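Residue-level listing of the chains:
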Amino acid sequence: MPEAKSYAIPKQVVWEAYKRVKANHGAAGVDGQSIEAFESNLKDNLYKLWNRMSSGSYFPPPVRLVEIPKANGGTRPLGIPTVADRIAQMVAKMHLEPLVEPQFHSDSYGYRPGKSALDAVATARQRCWRNDWVIDLDIKGFFDNLDHDLVMRAVRHHTDCPWALLYIQRWLKAPVEKADGSREERTKGSPQGSVISPLLANLFLHWAFDQWMKRTYPHIRFERYADDVIIHASNKAEAERVLEAVRQRLKQCHLELHPEKTRMVYCKDDGRPGTHEHIKFDFLGYCFRPRRAKNRWGKYFVSFLPAISPKAALKIRETVRRWRLGATRNNQSLEQIAQQVNPFVRGWVNYFGRFYRSALTPVLRHLERALIRWACRKHKRLRRHYSNAVHWLGRIARREPTLLVLWQIGIRPATGP
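I will try to describe carefully the structure that is included in this document. Just so it is clear, the model here is predicted, and its values are computed rather than measured.

The next thing to look at is the overall build of the chain. Secondary structure assignment for the chain yields 15 helices and eleven strands. Taken along its principal axes, the extent of the C-alpha atoms in the chain is 80 × 60 × 40 Å. Counting the 417 residues in the chain, one finds 49% classified as buried. Long-range pairs, those at least 24 residues apart, make up 67% of the contacts in the chain between residues at least 6 apart in sequence. Carbon and sulfur atoms form 50% of the exposed surface of the chain, whose accessible area is close to 21200 Å². The distance from the centre of the 70 positive side-chain charges to the centre of the 40 negative ones in the chain is 9 Å.

The strand order across the open sheet built from three strands is S9-S10-S11, with neighbouring strands paired in antiparallel fashion. Edge positions in the sheet fall to strand S9 (281–283) and strand S11 (300–308), since each has one partner strand and no second. Each strand axis lies, on average, 50° off the axis of its neighbour in the sheet, ignoring direction. Taken together, the three bridges between S9 and strand S10 (residues 286–294) define a ladder with antiparallel strand orientation. Following the sheet pairing, Phe 283 is matched in S10 by Tyr 286. Across the sheet, helix H5 (residues 117–130) lies against S9, S10 and S11, angled at about 155° from S11, the strand it touches most. On top of the sheet, helix H10 (residues 310–323) reaches S9, S10 and S11; it is set at about 50° to S11, its chief contact.

Now for the packing of helix H1 (residues 11–24) against helix H4 (residues 83–100). Where H1 contacts H4, the axes come no closer than 8 Å and their chain directions differ by 115°. Here H1 is positioned roughly perpendicular relative to H4, judged by the angle of their axes. Handedness of the H1/H4 crossing: right-handed. Across the interface between the two elements, Val 13, Val 14, Glu 16, Ala 17, Tyr 18, Arg 20, Val 21 and Asn 24 from H1 touch Arg 86, Ile 87, Met 90, Val 91 and Met 94 from H4. Classifying every residue of the contact of H1 with H4 by side-chain character gives nine nonpolar, one polar and three charged.

With that out of the way, let us pick up the nonpolar core. One finds Ile 87, Phe 204 and Ile 231 to be the most contacted residues of the largest nonpolar core, which totals 72 residues. No other element matches helix H8 (residues 197–216), which puts ten residues into this core. Those residues in contact with Ile 87 that lie beyond four places of it in its chain are Val 14, Ala 17, Tyr 18, Val 21, Phe 38, Leu 46 and Leu 49. Counting 57 residues, the second largest nonpolar core, distinct from the first, contains Val 265, Phe 288, Leu 393 and Ile 411.

Reading guide: rules and limits
- Residues numbered from 1 in each chain as written.
- Predicted model: local features only at pLDDT ≥ 70, side-chain atom pairs only at ≥ 80, totals over all residues.
- Heavy atoms only, no water.
- Helix = DSSP H or I, 4+ residues; strand = E, 2+ residues; numbered from the N terminus.
- Buried < 20%, exposed > 50% of the residue type's maximum accessible area, 1.4 Å probe, protein only.
- Contact = heavy atoms within 4.5 Å.
- Areas by Shrake-Rupley, 256 points an atom, 1.4 Å probe, with all protein chains shown as cover.
- Lys, Arg positive; Asp, Glu negative; His and termini not counted.
- Charge placed at Lys NZ, Arg CZ, Asp CG, Glu CD.
- Pairing = 2+ DSSP bridges.
- Axes fitted to C-alpha atoms, helices over the stretch in contact; angles between N-to-C directions.
- Parallel < 35°, antiparallel > 145°, perpendicular 65-115°, else oblique.
- Left-handed = near helix turned anticlockwise from the far one by under 90°.
- Nonpolar A, V, L, I, M, F, W, Y, C, P; charged D, E, K, R; others polar.
- Core = buried A, V, L, I, M, F, W, Y, C linked by side-chain atoms within 4.5 Å.

Now the structure itself:
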């Protein structure tokens, strides 16, 4: 007679969770085990995980802490669970997500099926045209400061599943292991990088912010992507009132707005003659500010529009520099280089080229110049002859216009250094 389990977790759910984790790839956790190593004994590893979760004896191992450099010089902590723990978290996510997803606000865009960052940018663009002011919110250390009791209260509102509540509580409390091997217990926060954290973050802010806004300011529109939030206001006085109310509301939820990064922004354009200290803001890799546009009759005017932000442009240029095309790729063919860079360029174009694409062109020219320098080093006859390398690449671009995504979108070698 088979042994009775404390919790009814179907083996098929664990198998499906494994397939989703595998599709997302990801680095090894504290045990150093990669997906490939986990798969070397897949059947036994999955059975062991299912057995422990079903019996209530599964305890998450520590989360490996990695410090990711930020553009401002600081670091962002990223928590990497083990492969087995990612699968266990995916099992819980597959249970919880269908219960909470239908309840989420229509203007919550982050980590949700059928919604994207570009959807949020598109909506923000439209609403900036209709409202004069934006409140650009920055929640200080959001993921690091999530209140565990409030998170669990939100989870219990949507499910009474005993095993889901048990393991979510354990994941919240699982310690982090630093690079030096030391471990730190957690009394608050949920590490970025874990499978369950984005869903818990959305659920927390659904009650802490979205539903509160809906009750308190039903006429005020906002866009939220995880903890990245902007709020629209029709005038400065309204923006000041809402900002102060949001500050107090988040304080009740044990969160704090960043005093320097949170600001009110005037959406200045030709139809808005006023002035203000701040007339631009960044949102999801786009910088919203006054920009020149052309109307349907070909006349230029100033509109408040999003385009790739300086921070995002800098990251692209840094990525191209790290490839060192002009210094260390002399043994590669142009076809091999295309195979490497095309997925990146395609992603940049698909995302940052959606709005005001002309602002992306100068950024991608950086890659074009790197390719010219590569050609100069690759072929002896082109060395010290920049213009000859330009013409050489130009001929290939005309002959094989689909080889590089850069060429497909019309960025081809131009004369001059």
